[in-house]
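One letter stands for each residue in the lines below.
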Amino acid sequence: MKNIRNFSIIAHIDHGKSTLADRFIQICQGLTEREMSNQVLDSMELEKERGITIKAQNVTIKYINKNKKIFYLNFIDTPGHVDFAYEVSRSLSACEGALLVIDSCQGIEAQTIATCNMALKMNLTIIPVLNKIDLPTANTQRVIQEIKELIGISTKHIVKCSAKTGTGITELLDTIVTKIPPPSGCINSTLQALIIDSWFDNYLGVVSLVRIKNGKLIQGLKIQVFSTKKNYYVNKIGIFTPKSKNKNYLHSGEVGWISCGIKNIKSFPVGDTITSSKHPIKTSICGFKKIKPKIYAGLFPRKTENYKLFRIALEKLSLNDASLFYQPEFSHSLGFGFKCGFLGLLHMEIIQARLEREYKLDVISTIPSVIYEIQTLDNNIVYIYHPSDLSKYKKIKEIREPIARCNILTPIKYIGNILNLCSNKRGKQHNIIYHSNQVTLQYDIPMSEIVVNFFDQLKSSSQGYASLEYDFKYFQKTDIVCLDILINTKKIDALSLIIHRENSKSQAHKIVNKIKTIIPKHQFNIVIQAMINNNIIARATIKQLRKNVLSKCYGGDISRKRKLLEKQKKGKKKMKQIGNVKIPKETFFSIFSIK
Ligand code: GTP
């Protein structure tokens, strides 16, 4: 166990975690030159395309230092986007150390500070790594100053490197083996293993990534899952190098995967503890914090006959992704589907893209909403996230909306723009902390304002320099209304949304005008109306279509005809027929962006 080191790589998006992980694998020859493609850990097709890490991954590599001493390094590559902070906390709980990778040109970002504080609370040894030193804009002195000021950790063991060129990587590996402590725990104690991640494999069934805290996990052993008290026989054990490699056992301190040949995806809950059936432990390993979804939206298959396949797809995706919540739902306009909970808009986009790509499902998403707390007159507390639920409760004493505490880190010169943005988003200032070149703005902002496009607006008001970290803090009294949309007098429940009363009128106008630009012309007039409490407050009309698109083409102007036909063809995109009106799929979501 003395030669094992378990560590995570934490950093902000694009600071170079995956590239660094690739370099480690290359130096330690986990893969041959030919097998080495860029960013081998980002194996999901979607990850490669978007260039971001979605799922945390684990790799065990063998490092031989200059004194020919062998070390086994388990490192977990973690995602950097704010939506995936839960993956980071999960990875950290399986480690003794963390590499804090910072782009030397960008400096520290808000998310990095939050993650680092999480690692410090877990008593991990942190090694600051200044990456991208090959770039002419690298400013390591400034970043060292920031580490001292913003995180307050020692900068004595800082390593400067370039994950791209390989400079400083061996020095970093030596620092890892000397500074990060080996795992504690006892091989001869009762088995205690933490489930870091679980996913569904078509051949093996449920596979779980585990960190053995105590004891030994042997092939064929009868194990017990702590929370469910259910017993299983260990079928297969292995590690990732990053290729999957079978093993006969894993002992305390090691990280690897196990499979028990089970199909039930709920059998190995992430964060749970595995113990031996014969001598079960009395207490579980304290897991990581369980994170609740931040936004909810209805997802419906465009073709109703795909409902069953859709349910199976969600079931499988939810095993890979503990934070994905789903529950059956019925909509008058869209039929049977699921109410789903996500960590943020990026998370929602990724789930939708995976449903479409991996399961060939065409899904329609309704307008996302945060969760609201309702106190009824008889003092019952209920939570709603669907606009139609608002009308179910007639005797309401108070409605409260979720408020997030935001930490925004920005260079001082953008402070004016950001203060304006925060106040436009109904934010309340909590604190301002000045550092040498940067400033931390602490604001309490309604979650409904953040989840829309706050992050993009923050980036554009600071030329991309400001960064954001936020977390739910409390519920606060609010005044909201349900805005319904009618198309040719028929209420479309999937287009209803909850908005703040203060600017509901101007919102309603923007929304009907937006819908007007999305729904194509039909053979008849289409009237779009916005309604609050049965009062119409905005209206727009889509005038009927002239029957023959070529009718205005006199003579034989072929190229003009072709252009018009092309234009008509473009109009024939994926639509949902509701009553006699065909509504383009994107209508249901697009309203959201103008909030
Ligand atoms: P996420 O997976 O999205 O969290 O990002 P990441 O932190 O893993 O970043 P990634 O490794 O994908 O690197 C982001 C970009 O920076 C890529 O274009 C890399 O090629 C580049 N990059 C990474 N390290 C270096 C470096 O040391 N020098 C230079 N010049 N570029 C680097």
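None of the values given here were measured: they were computed from a predicted structure.

**Section: a positive patch on the surface**
- A contiguous patch of positive charge on the surface is contributed by Lys516, Lys521, Arg539 and Lys543.
- Mapped onto the elements of the fold, Lys516 is located in helix α12 (residues 504–518).

**Thoughts on the side chain of Lys294**
- Locating Lys294 in the fold gives a position in the loop between β16 (273–276) and β17 (295–301).
- Although buried, Lys294 forms no salt bridge, and the nearest oppositely charged side chain, Asp471, lies 4.5 Å from it.
- Apart from residues no more than four positions distant in its own chain, Lys294 is found in contact with Phe342, Leu343, Ser369, Val370, Met447, Tyr470 and Asp471.

**Thoughts on the pairing of strand β5 (residues 125–131)**
- Summarising burial for β5: 6 of the 7 residues are buried, a large majority.
- Two elements, strand β4 (residues 97–103) and β5, share 7 bridges in a ladder whose sense is parallel. The partner of Ile102 across the bridge, within β5, is Leu130.
- Bridge analysis of β5 against strand β6 (residues 159–160) gives 2 bridges, and the strand direction is parallel. Note on β6: the bridge partner recorded for Leu130 is Lys160.
- This β-α-β element, β5 to helix α5 (residues 140–151) to β6, shows right-handed connectivity.

**Regarding a nonpolar patch on the surface**
- Side chains of Ile64, Ile70 and Tyr72 sit close together on the surface and give an oily, nonpolar patch of about 250 Å² of accessible area.
- Inspection of the secondary structure assignment puts Ile64 in strand β2 (residues 57–64).

**Quick word on the UniProt feature "binding site: GTP" (unreviewed entry) in the protein chain**
- Sites flagged by UniProt as "binding site: GTP" (unreviewed entry) map to Asp14, His15, Gly16, Lys17, Ser18, Thr19, Asn131, Lys132, Ile133 and Asp134.
- Mapped onto the elements, Asp14 comes out in the loop between β1 (4–11) and α1 (17–27).
- By relative accessible area, Asp14 is classed as exposed at 56%.
- Looking at the secondary structure, you find His15 in the loop between β1 and α1.
- Apart from the residues lying within four places of it in its own chain, the contact partners of His15 are Val101, Ile102, Asp103, Gln106, Gly107, Glu109, Asn131 and Lys132.

**So, the domain arrangement of the protein chain**
- Partitioning the protein chain into domains gives domain 1 (4–179), domain 2 (192–276), domain 3 (295–366), domain 4 (372–478) and domain 5 (482–592).
- Each partner contributes to the interface: domain 3 provides 14 residues, whereas domain 5 provides 11 residues.
- Here domain 3 packs against domain 5, burying approximately 1,100 Å² in sum over the two surfaces, 59% of which is carbon and sulfur.
- Counting the surface domain 3 buries against domain 5, the share from its top three residues, Arg302, Ser333 and Ile364, is 43%.
- Summed over the shared surface of domain 3 and domain 5, the result is 0 salt bridges.
- Elements supplying a minimum of two residues to the side of domain 3 that touches domain 5: α8 (345–358) and β20 (363–365).

**Topic: the packing of α1 against helix α6 (residues 169–179)**
- Where α1 contacts α6, the axes come no closer than 11 Å and their chain directions differ by 85°. Taken as axis vectors, α1 and α6 run roughly perpendicular relative to one another. Residues Leu20, Arg23, Phe24 and Ile27 of α1 touch α6, and the partners they reach there are Ile169, Thr170, Leu172, Leu173 and Ile176.
- Looking at side-chain class alone, the contact of α1 with α6 contains 7 nonpolar, 1 polar and 1 charged residues.

**A word on the packing of helix α10 (residues 415–424) against helix α11 (residues 447–460)**
- Running from N to C, α10 and α11 point in directions that differ by 165°, and their axes come no closer than 10 Å. If you check the angle between α10 and α11, you find them roughly antiparallel. In this structure, the crossing between α10 and α11 has a hand that is right-handed. Every residue of α11 that contacts α10 at Ile418, Leu421 and Cys422 is listed here: Phe454, Gln457 and Leu458.
- Taken together, the residues of the contact of α10 with α11 sort by class into 5 nonpolar, 1 polar and no charged.

**Some points on the confidence of the model for the protein chain**
- Residues of the protein chain with pLDDT of at least 70 account for 86%, and the chain-wide mean is 84.
- Here residues 46–56 scores under 50 on pLDDT; set against residues more than four positions off or in separate chains, the count is 48 contacts.

**Quick look at α10**
- Considered for burial, the residues of α10 that qualify are Ile415, Ile418, Leu421 and Cys422. Down the axis, α10 shows its buried residues gathered within 125° of arc, on one side only.
- Lining the buried residues of α10 we find β23 (396–411), β24 (428–434), β25 (438–446) and α11.
- Just downstream of α10, Arg426 is the residue with a positive phi angle, here 60°.

**Section: the sheet that holds strand β18 (residues 325–331)**
- Strand order across the open sheet formed by 4 strands is β18-β19-β17-β20, with antiparallel pairing between neighbours. At either margin of the open sheet sits one strand with a lone partner, and together these are β18 and β20. Looking at each pair of strands side by side, their axes are set apart by 30° on average, direction ignored.

**Topic: α5**
- Spanning 12 residues, α5 covers 16 Å between terminal C-alpha atoms, matching the ideal 16 Å at 1.5 Å per step.
- Taken together, the buried positions of α5 are occupied by Thr140, Val143, Ile144, Glu146, Ile147, Leu150 and Ile151. For α5, the arc enclosing every buried residue in end-on projection is 160°, short of the 170-degree limit, so these residues lie on one face.
- A positive backbone phi angle near 75° is found at Gly152, which sits one or two residues after α5.

**Details of the packing of aromatic side chains**
- Under the counting rule described, the total for this entry stands at 14 aromatic pairs.
- With centroids separated by 6.3 Å and ring planes inclined at 85°, the aromatic side chains of Phe7 and Phe24 adopt a geometry described as edge-to-face. Of the two residues, Phe7 is situated in strand β1 and Phe24 in helix α1; the sequence distance between them amounts to 17 residues. Grouping residues by exposure puts Phe7 and Phe24 together as buried.

**Some points on the nonpolar core**
- Counting residues in hydrophobic clusters, the biggest one holds 48 residues, and the most contacted among them are Phe342, Leu355 and Ile408.
- In terms of residue count, the dominant contributor to this core is α11 (5 residues).
- When we break this core down by domain, the ones giving at least three residues each are domain 3 (295–366) and domain 4 (372–478).
- Leaving out residues up to four positions away in the same chain, Leu355 has contacts with Leu299, Phe310, Ala313, Leu314, Leu317, Lys360, Leu361 and Val363.

Cut-offs used in this document
Residues numbered from 1 in each chain as written. Predicted model: local features only at pLDDT ≥ 70, side-chain atom pairs only at ≥ 80, totals over all residues. Heavy atoms only, no water. Patch = residues over 30% accessible without salt bridge, like charges linked within 9 Å, V, L, I, M, F, W, Y side chains within 5 Å. Areas by Shrake-Rupley, 256 points an atom, 1.4 Å probe, with all protein chains shown as cover. Salt bridge = Lys/Arg side-chain N within 4 Å of Asp/Glu carboxyl O. Lys, Arg positive; Asp, Glu negative; His and termini not counted. Charge placed at Lys NZ, Arg CZ, Asp CG, Glu CD. Helix = DSSP H or I, 4+ residues; strand = E, 2+ residues; numbered from the N terminus. Buried < 20%, exposed > 50% of the residue type's maximum accessible area, 1.4 Å probe, protein only. Contact = heavy atoms within 4.5 Å. Pairing = 2+ DSSP bridges. Right-handed = clockwise from strand over helix to strand, strands pointing away. UniProt positions renumbered as here; feature names shortened; annotations may be inferred. Domains from an automatic or database assignment. Buried area = accessible area lost by both parts, 1.4 Å probe. Axes fitted to C-alpha atoms, helices over the stretch in contact; angles between N-to-C directions. Parallel < 35°, antiparallel > 145°, perpendicular 65-115°, else oblique. Nonpolar A, V, L, I, M, F, W, Y, C, P; charged D, E, K, R; others polar. Left-handed = near helix turned anticlockwise from the far one by under 90°. pLDDT = per-residue confidence, 0-100. Arc of directions from axis to C-beta. Expected span 1.5 Å × (residues − 1). Phe/Tyr/Trp six-rings, centres within 6.5 Å; stacked < 30°, edge-to-face > 60°. Core = buried A, V, L, I, M, F, W, Y, C linked by side-chain atoms within 4.5 Å.

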